[in-house]
Amino acid sequence: MFTYTNRIKPDDNSIIDYLKNLLDKKYQIPTFQRDVVWEKENVKKLWDSIYKFYPLGSILIWKTNTKLESHREIGGIQFTDNFNSHEYQYILDGQQRTTALLTSIYGGNIANKENFDPRLYIDLTVELTDVIDDISYTKRFLFWDEIDDKNGQLKANSGKTQRYQEKLIVSLIEFITSYSELERNLYKNGYTDFEHPYLQQLRRIRDVFAYYKISLIELRGIEVAEVCQIFERINQAGKPLNIFDIVVAKTFRPEDKANNISGFYLRELVKNFQANIPSTQYKYIDSLTLLQMLAVVVKLEFPDAGIQNITDKYLNNLKTEHIEAVWSDFKTAIANTFKFFDNCLHIKGPKLIPYRYLYLTITAYFYRNIKPNYSFLEKYFWYYCFHNEDLLSNTTYLWQHIEFINQEKNTNTYSFNQFKIDRNQLKKSFYSSRGRLSRAILSLYANHEPKDWAKPHQYVLSDVYYLLTDKPNLHHIFPVNFIKQSGIASQIESDSLMNIAYLSQITNLKISDKNPLDYLKEYDEPGLETVLRSHLIPTIILEWSRADALPENALTIFIEKRVNLLLEALRLKLDGIEFNVFDTGDRTDKSSS
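Residues numbered from 1 in each chain as written. Predicted model: local features only at pLDDT ≥ 70, side-chain atom pairs only at ≥ 80, totals over all residues. Heavy atoms only, no water.

K.L.:
Report on the packing of helix α10 (residues 243–251) against helix α11 (residues 266–275), specifying residues and quantitative values.
P.N.:
Across the interface, α10 lies against α11 with an axial gap of 8 Å and an inter-helix angle of 115°. Within the contact between the two elements, α10 uses F244, D245, V247, V248 and T251 and α11 uses L266, R267 and V270. The residue inventory of the contact of α10 with α11, partitioned by class, reads five nonpolar, one polar and two charged. (Axes fitted to C-alpha atoms, helices over the stretch in contact; angles between N-to-C directions. Helix = DSSP H or I, 4+ residues; strand = E, 2+ residues; numbered from the N terminus. Contact = heavy atoms within 4.5 Å. Nonpolar A, V, L, I, M, F, W, Y, C, P; charged D, E, K, R; others polar.)

K.L.:
So what's going on with the packing of aromatic side chains? Residues and values would help.
P.N.:
For the coordinates displayed, the defined rule picks out 43 aromatic pairs. When the centroid spacing of 6.2 Å and the interplanar angle of 50° are considered together, the rings of W62 and Y90 count as tilted. Within this pair, whereas W62 is found in strand β2 (residues 59–64), its partner Y90 is found in strand β5 (residues 88–93), the two being separated by 28 residues in sequence. Of the two residues examined, W62 and Y90, each falls in the buried class. Positioned above the aromatic ring of Y51, the side-chain terminus of R204 is 4.5 Å from the ring centre. Above the plane of the ring of W399 lies K299, whose end atom (NZ or CZ) is 5.2 Å from the centre. (Phe/Tyr/Trp six-rings, centres within 6.5 Å; stacked < 30°, edge-to-face > 60°. Buried < 20%, exposed > 50% of the residue type's maximum accessible area, 1.4 Å probe, protein only. Lys NZ or Arg CZ within 6 Å of the ring centre and 35° of its normal.)

K.L.:
Which residues make up the sheet that holds strand β9 (residues 213–220), and what values do they have?
P.N.:
What the four strands build is an open sheet, ordered β1-β9-β2-β5; its pairing is mixed. In the strand order of this sheet, the two ends are held by β1 (8–14) and β5, each with one partner. Direction aside, neighbouring strands of the sheet carry axes that sit 30° apart on average. Where β1 and β9 come together, seven bridges link them in antiparallel fashion. Bridge pairing in β9 links D12 to S215. Of the strands in this sheet, β2, β5 and β9 touch helix α3 (residues 95–106), which is tilted by about 100° from β5. (Pairing = 2+ DSSP bridges.)

K.L.:
Lay out the nonpolar core with the relevant residues and their values.
P.N.:
Core analysis: the largest hydrophobic core is formed by 132 residues, its most contacted members being L266, F341, L358, Y380, F386, W453 and F478. In contact with F386, other than residues within four places in its own chain, are F419, K420, I421, L426, R436, L437, A440, I441, L444 and L570. Counting 46 residues, the second largest nonpolar core, distinct from the first, contains V43, I91, I173 and Y198. (Core = buried A, V, L, I, M, F, W, Y, C linked by side-chain atoms within 4.5 Å.)

K.L.:
Can you explain unusual backbone geometry? Please cite residues and give values.
P.N.:
Positive phi, close to 50°, is recorded for K150, a residue that is not glycine. Assessed through its relative accessible area of 49%, K150 is described here as partly exposed. The residue N151 is not glycine, and still its phi comes out positive at about 60°. By the element assignment, N151 lies in the loop between β7 (141–143) and α5 (158–165).

K.L.:
Can you lay out the pairing of β2 for me, pointing to particular residues and giving the numbers?
P.N.:
A large share of β2 lies buried, amounting to six of its six residues. Neither face of β2 is exposed, since I59, I61 and K63 on one face and L60, W62 and T64 on the opposite face are all buried. As judged from the five bridges shared by β2 and β9, these two strands associate in the parallel manner. Paired with K63 across the strands is R220, a residue of β9. Sheet topology places β2 next to β5; five bridges connect them, and they run antiparallel. Counted as the bridge partner of I61 is I91 from β5.

K.L.:
Could you give an account of the side chain of D48, naming the residues involved and the relevant values?
P.N.:
Mapping D48 onto the fold places it in helix α2 (residues 40–51). Those residues within four positions of D48 in sequence are excluded, and the remaining contacts are D134, Y137, R140 and F141.

K.L.:
So, the confidence of the model for the protein chain: which residues are in play, and what are the values?
P.N.:
Looking at the protein chain as a whole, its pLDDT mean stands at 87, while 91% of the residues score no less than 70. When the criterion is pLDDT under 50, residues 463–470 qualifies, and its contacts beyond four places in sequence or with other chains add up to 19 contacts. (pLDDT = per-residue confidence, 0-100.)

K.L.:
Could you give me a rundown of a nonpolar patch on the surface, with the residues and numbers involved?
P.N.:
On the surface, Y54, V131 and I132 cluster together into a nonpolar patch covering about 310 Å² of accessible area. Along the chain, V131 turns up in the loop between β6 (120–123) and α4 (137–140). Exposure remark for V131: the relative accessible area of 51% places this residue in the exposed category. (Patch = residues over 30% accessible without salt bridge, like charges linked within 9 Å, V, L, I, M, F, W, Y side chains within 5 Å. Areas by Shrake-Rupley, 256 points an atom, 1.4 Å probe, with all protein chains shown as cover. Salt bridge = Lys/Arg side-chain N within 4 Å of Asp/Glu carboxyl O.)

K.L.:
Any chance you could break down the packing of helix α15 (residues 357–366) against helix α17 (residues 395–411) for me, citing the residues and the numbers?
P.N.:
Relative orientation of the contacting elements α15 and α17 amounts to 25°, with a least axis distance of 9 Å. Relative to α17, the element α15 is oriented roughly parallel. Once α15 is placed against α17, the crossing between them reads as right-handed. Between α15, through Y357, L360, T361, A364 and Y365, and α17, the contact on the second element is made entirely by T395, L398, H401, I402, I405, N406, E408 and K409. Of the residues that constitute the contact of α15 with α17, the class distribution is seven nonpolar, four polar and two charged. (Parallel < 35°, antiparallel > 145°, perpendicular 65-115°, else oblique. Left-handed = near helix turned anticlockwise from the far one by under 90°.)

K.L.:
Before we move on, can you summarise the pattern of salt bridges with the specific residues and values?
P.N.:
Inspection of the entire model under this criterion finds 27 salt bridges. Here K44 ties to E146 by a salt bridge, and the two come within 2.8 Å at their closest N and O atoms. Linking K44 in helix α2 with E146 in the loop between β7 and α5, this pair joins segments that are 102 residues apart in sequence. The two residues K44 and E146 agree in class, both being buried. Of the charged contacts, one joins K63 and E218 as a salt bridge, the two residues approaching to 3.2 Å between their closest N and O atoms. Here E218 lies in strand β9 and K63 lies in strand β2, a separation of 155 residues in the sequence. The network of salt bridges with shared partners includes R423, K427, E560 and D583.

See the structure below:
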């Protein structure tokens, strides 16, 4: 029985014992495929810390009955095979240090360093004169390419080659395999004084292998979700471990040509799929969302697969055979989902999708759906993005939505409840990269394919537009500084998304803080009214510009009219659905249907 007092247990091992346990298959390194950056300087610094008995930081070990596919080699050294056990011990954090320790002692092959020998040597003639000395380690710890004089051709190494031949430069592995011989050799060469610096150095390295302790933290009886959280908090400087990493390792299957078994590597499948998505921002959707989309499809295809939700606990139940069974149709469903957002709704990137769960529900709709009803799907999107109540904000709603869209997919019938929307919430909506209504409004603007004010024949939005900006390039129709100087509106009205439009960067800079009466004159050519309507901008502002006069409450009037245009656009999109508009900012609450 594991309690909070014994679930996380500190332990330690000597270097020799730690690496022996690894080679004896007691530890596994799951195939999370984290990039191991092996650099000579870093390996030397690692050993300098060990040499000075500095702490290295803990190795994180997860003890569990969950079997993950593991690396079968580190630095070219074969150290494990597939095996079955009641408990597995995975090294979750410490692969970098483990690789450096293993290859510096036992040798191996380092990626992108062909023909390089990673075994490390120590020069016994380099003394430690000061405990805070941070320079001598570069001369004390050497790789073979720093010792080898290539039969006298490399003069810079001739002295070190001589010391190597005299056994004054020795490899680390020799301290494990033949320490007594090293000691006898020094005595034989005349270094008989017990206090001789060379003998002191020899004994110091011997003590390192005997007494230096590698700190281990063992996690046992802990679910995968909590393991990910612990890993992220401990590994502050590194890439966080997440459930996608766990599923990748758990579902990995090596190729077995002898038995005609194909390999399976989820990370590679996802990368290849993303690489083949046409130029669009949707290829950058995070791995967790993609995994959750996959889980929803697996649940549809295999109701008894144990995928009751999309939390880490249930994502951990994904199995290789289930993913293989749905993968081809799943890719088609995702591609159709992205095309729907991009081509049908004209939303060019994921930054504007109001709910991340929409990826899941719409992918579920397209999965093995040969005759999707795009009219229904568009109604579904706008209904739930703008509905006054948050109807897709958690996983409880998620499964209700999937049941709803599957009804249409299977029976071609559907029925929406009354649509409710608050005028006041539209007026008070500000830009927020995470705000549901904020994104919905900006999506509606994008859906109408706004044209460039300066070049009415061109669309403002494009893939490039989103690639070049951290957030949509938004312009205040009534510029903020102009409003402050003229005092025509409140701060709320000034920052409202009803006072926002998409513009190209050049047009935005040109307009700057000008009075709208003035800058609109510069663009008042035939077709400008059509351009304004493509932005859902009331053309009354153009009438004011032509009359060269703004009413005292111009922005208030403008916002009310723009809200009307948005509601009119939504009515058309939700044709056939009962439409209820109310206003929490108006005490009379004049509702309309």
